[in-house]
Structures are given as structure tokens and as C-alpha cells.
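Take a look at the letters that make up each chain.
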Amino acid sequence: MTENTHTLLPPSGTGQVITRFGADLLVETAGGELLRCTTRRKLDQVACGDAVRWERQAQGNAAVTEILPRRNVLERPDFRGKLRPVAANIDLLIVVTSWQPAPLWEMLDRYLIAARRLPAEVLVVMNKADLRAAQTTPEMEACLAEYEAVGYPILHVCADQQAGIDAVSAAIQGRTAIVVGQSGVGKSSIAAQLLPDEAIRVGEIGQTGEGRHTTTSATLYRLPSGGTLIDSPGVRDFGLVGLDFSTLQGGFPEFGAYLGECRFNNCTHNHEPGCAIKAAVSAGKIPPRRFARYLSLLADCNG
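If you're wondering where the values come from, they're calculated on a predicted model, not measured in any experiment.

We now examine the overall build of the chain. The secondary structure content of the chain amounts to eight helices and 14 strands. For the chain, the residues scored as buried account for 49% of the 303 residues in total. Put simply, 65% of the contacts in the chain that link residues at least 6 apart link residues at least 24 apart. Just so you have it, the chain exposes about 14300 Å², and 50% of that area is on carbon and sulfur atoms.

Here it is, written out as C-alpha cells:
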């Protein structure tokens, strides 16, 4: 991609949003040039990854005038609870967690449900594999095994040592992937290994073990090996606003074999008698930890 000047631009064109900073956008044009654009107030929901139409303005600047139809959009609530788009047109959600800071399993569940809602494929990446022996616990190992048992693909990588990075690159091949996860798990370290020629900030874990944000806005990169990577800001929580029961239930694949067997058609698998899901938990066929997190998410869904 090359920087372009507004004087060389055609009157209008299409492109893809590379990143957003305030009211301004960086757009990659159909010709591969990078174009700085303003956006109109009515288009304040434009996001990284969006396909857009732009026009040259009378004063020589460029403005985004239309968001072209999206395949999907990943959203999360801002500090006021208003949904804001993180990125659009995603094929693969790469959820990064690590051995330090320790995994937040319910946040991982929320991302997996978000992937189902998009819809998009999902890949769980356990980073900092070199810390596994020192940081792991039997509880952490059991939780991770439960995700594998229900079919979620998991890659173990150590971004700082380039271990496993080729497998991540192969998973992205030919697709648009977004890297998400809690702060400090090494998302930007993974992105930096995938994009050695790009200047991506990489932070360190503080002495408390809590991650620090190193990415402030979602940014799209073209991978040399093919495919597109969106590096997104780390979060300390990821809320699911407007979650419906069907999507929540579908986020727990191990329920599938028992759905339709409950006494009541509208069973929420919480307090109702004759619940096949609760019976499966009691029989050891569904992990109690997974079911407990389902109930926690169900409370949020009903709230």
C-alpha cells in the first residue's frame, strides 16, 4: 500500500477501512493506496474492515459517504452501555488467552458465543506456552480440556519465541481474521510475529500480572502469506448486549445431544423440573463448570 495525495485522486471510489481515529479514517482504496478520510455524523458506526464508498470534496479532502453492505459486525458496549462496532466482515475470530494472566473462562465463553452470533469460525489460541509448567493448575488444565472435548480448536503458541505462529498464519490463510481477548495475553505479540515488517506496539505484563492495553483501536493488516489480520484493543471484560436464549444455548455445543428431551419445550435448563440438561450434568455427561458458566450467562441474558 502506498500513500496517496488528494490531488491525484479520482472524484470517487470504494475502499476498505484500515483503522479509525476519532472522526477520521484510514481507507485503502481499490487501487491499494492509503487515503485519509473524514466521516459524516450519520456514519459514526463505520468500523475497521468495512467496505465503504468515498468522494473527493470541494476543498480537496476526501469523505466516506456510504458504508457498503456488511457480512457481519463484531460489537461491544462502550462505557455508557451503547453498542459500538469493533470490526466488520470477519471470517475467523481468534480468541487469545494465556497462562499468565490466567484465563478468564467466562470471557472466553462470551467470545465463542459472539463468534456464533456473527457468524464466524473460531480459533482459541493459548499463548505463552513457555509459562504453562510454572503457571498452570489442575483446574486450568481441566477447563481447557473441556473446550477441546466439545470441539473447539485450540493452538498452543509462544509468540515471543515464534513457536506456533506458522499454525496461526495457516489458519488465517485467505480469510479475514480478528485477534481478540483480554488485556495482556499477547495479542499484539502474535500480530507482530505475523507481521514482522509492521510497527505494532507490544506491551509487558505489570508486576500485578494484569495486562496493559497496547492497541488503542482496531487496525487491519495484509499478511505477507495471504489473508487479512485485524488487531483489536485488549479488554478487561467483554459484554454481550441483546443476547437471545437460542444463541446462548447454541454456544454450549455439549447441550446439543439433549435438546428437545426436556419436559418443557421452553426449558431454560435452570429451575424447571424434568430438564435433560441438568440430568446430564448430574450424570457427569456435561461438565459442571461449563454448566455453571452457562447459568451465569443466562442470568445476564435474562437481565
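Empty space among the atoms can be located by rolling a probe the size of a water molecule over them. Using the criterion set out here, one finds one cavity of 30 Å³ or more in the structure. Here the largest cavity defines a volume of roughly 60 Å³. Along the walls of the largest cavity sit Val95, Val96, Thr97, Pro103, Leu104, Trp105, Met107, Leu108, Tyr111, Gly181 and Gln182, which together make up its complete lining. Sorting the residues of the lining of the largest cavity by element identifies β9 (92-98) and α1 (105-117) as the ones contributing at least two each. For the lining of the largest cavity, the element with the most residues is α1, which contributes four residues.

Packing of helix α4 (residues 165-172) against helix α5 (residues 187-194) leaves a shortest axis separation of 10 Å and a crossing angle of 80 degrees. What the angle tells us is that α4 and α5 run roughly perpendicular. Across the interface between the two elements, Ile165, Val168, Ser169 and Ile172 from α4 touch Ile190, Gln193 and Leu194 from α5. By residue class, the composition of the contact of α4 with α5 is five nonpolar, two polar and no charged.

The next subject is the pattern of salt bridges. For the coordinates displayed, the defined rule picks out 14 salt bridges. Two residues, Asp109 and Arg293, come together in a salt bridge whose shortest N-O distance is 2.6 Å. Placement of the pair is Asp109 in helix α1 and Arg293 in helix α8 (residues 288-302), with a sequence separation of 184 residues. For Arg293, a relative accessible area of 9% corresponds to the buried category.

A word on the nonpolar core. Core analysis: the largest hydrophobic core is formed by 54 residues, its most contacted members being Leu74, Leu93, Ile178 and Leu248. When contributions to this core are tallied by element, the ones reaching two or more residues are β8 (83-88), β9, α1, β10 (121-127), α3 (138-149), β12 (176-181), α7 (276-282) and α8. When sequence neighbours within four positions are dropped, the list of residues in contact with Leu93 reads Leu74, Tyr111, Ala115, Leu118, Glu121, Val122, Leu123, Ile178 and Val180. Ranked by size, the runner-up nonpolar core spans 20 residues in total, among them Ile94, Ile165, Val168 and Ala191.

The subject of this paragraph is the pairing of β8. Bridge analysis of strand β7 (residues 73-77) against β8 gives five bridges, and the strand direction is antiparallel. In the strand pairing of β8, Val73 is matched with Ala88. Adjacent in sequence and paired antiparallel, β7 and β8 are bridged by five residues, among which Gly81 carries a positive phi angle near 85 degrees.

As a further point, take α4. Turning to α4, its buried residues number three or more, namely Ile165, Val168, Ser169 and Ile172. Taken end-on, α4 shows its buried residues confined to a sector of 100 degrees, consistent with a single buried face. Seen from the open side of α4, the exposed residues pointing more than 90 degrees away from its buried face are Asp166 and Ala170. Structurally, α4 contributes buried residues whose contacts are with β9, β10, β11 (154-156), β12, α5 and β14 (228-231).

Moving on to the environment of Ile113. Following the sequence through the fold, Ile113 ends up in helix α1. On the accessibility criterion, Ile113 (0% relative accessible area) is buried. Put simply, Ile113 and Gln249 are 136 residues apart on the chain and 9.0 Å apart in space, counted from C-alpha to C-alpha. Residues contacting Ile113, with those up to four places away along its chain left out, are Leu240, Leu243, Thr247, Leu248, Gly251, Phe252 and Leu297.

Here we take up the packing of aromatic side chains. The tally for this structure, following the rule as stated, stands at six aromatic pairs. When the centroid spacing of 5.0 Å and the interplanar angle of 75 degrees are considered together, the rings of Phe255 and Tyr294 count as edge-to-face. In this pair, Phe255 is assigned in the loop between α6 (245-250) and α7 and Tyr294 in helix α8, connecting sequence segments 39 residues apart. By way of ring pairs, the aromatic residues Phe252, Phe255, Phe291 and Tyr294 are connected into one cluster.

The next thing to look at is the confidence of the model for the chain. Chain-level pLDDT for the chain is 87 on average; 89% of the residues reach the 70-or-more range. Across residues 200-215 the pLDDT falls below 50, and counting only partners more than four positions away or on other chains, this stretch makes 38 contacts in the model.

Bringing the side chain of Thr29 into the picture now. Its location among the elements puts Thr29 in strand β3 (residues 24-29). Since its relative accessible area comes to 8%, Thr29 is described here as buried. In terms of polar contacts, Thr29 uses its side chain to reach the side chain of Glu33, at 2.4 Å. Beyond its immediate sequence surroundings of up to four residues, Thr29 is in contact with Thr14, Gly15, Leu35 and Trp54.

The rules behind each value
Residues numbered from 1 in each chain as written. Predicted model: local features only at pLDDT ≥ 70, side-chain atom pairs only at ≥ 80, totals over all residues. Heavy atoms only, no water. Helix = DSSP H or I, 4+ residues; strand = E, 2+ residues; numbered from the N terminus. Buried < 20%, exposed > 50% of the residue type's maximum accessible area, 1.4 Å probe, protein only. Contact = heavy atoms within 4.5 Å. Areas by Shrake-Rupley, 256 points an atom, 1.4 Å probe, with all protein chains shown as cover. 1 Å grid on protein atoms, 1.4 Å probe; cavity = no way out; pocket = protein on both sides within 12 Å on 5 of 7 lines; lining within 4 Å. Points joined across faces, edges and corners; volume = space filled by probe spheres on them. Axes fitted to C-alpha atoms, helices over the stretch in contact; angles between N-to-C directions. Parallel < 35°, antiparallel > 145°, perpendicular 65-115°, else oblique. Nonpolar A, V, L, I, M, F, W, Y, C, P; charged D, E, K, R; others polar. Salt bridge = Lys/Arg side-chain N within 4 Å of Asp/Glu carboxyl O. Core = buried A, V, L, I, M, F, W, Y, C linked by side-chain atoms within 4.5 Å. Pairing = 2+ DSSP bridges. Arc of directions from axis to C-beta. Phe/Tyr/Trp six-rings, centres within 6.5 Å; stacked < 30°, edge-to-face > 60°. pLDDT = per-residue confidence, 0-100. Polar contact = N/O pair within 3.5 Å; in protein donor to acceptor, adjacent residues only side chain to side chain.

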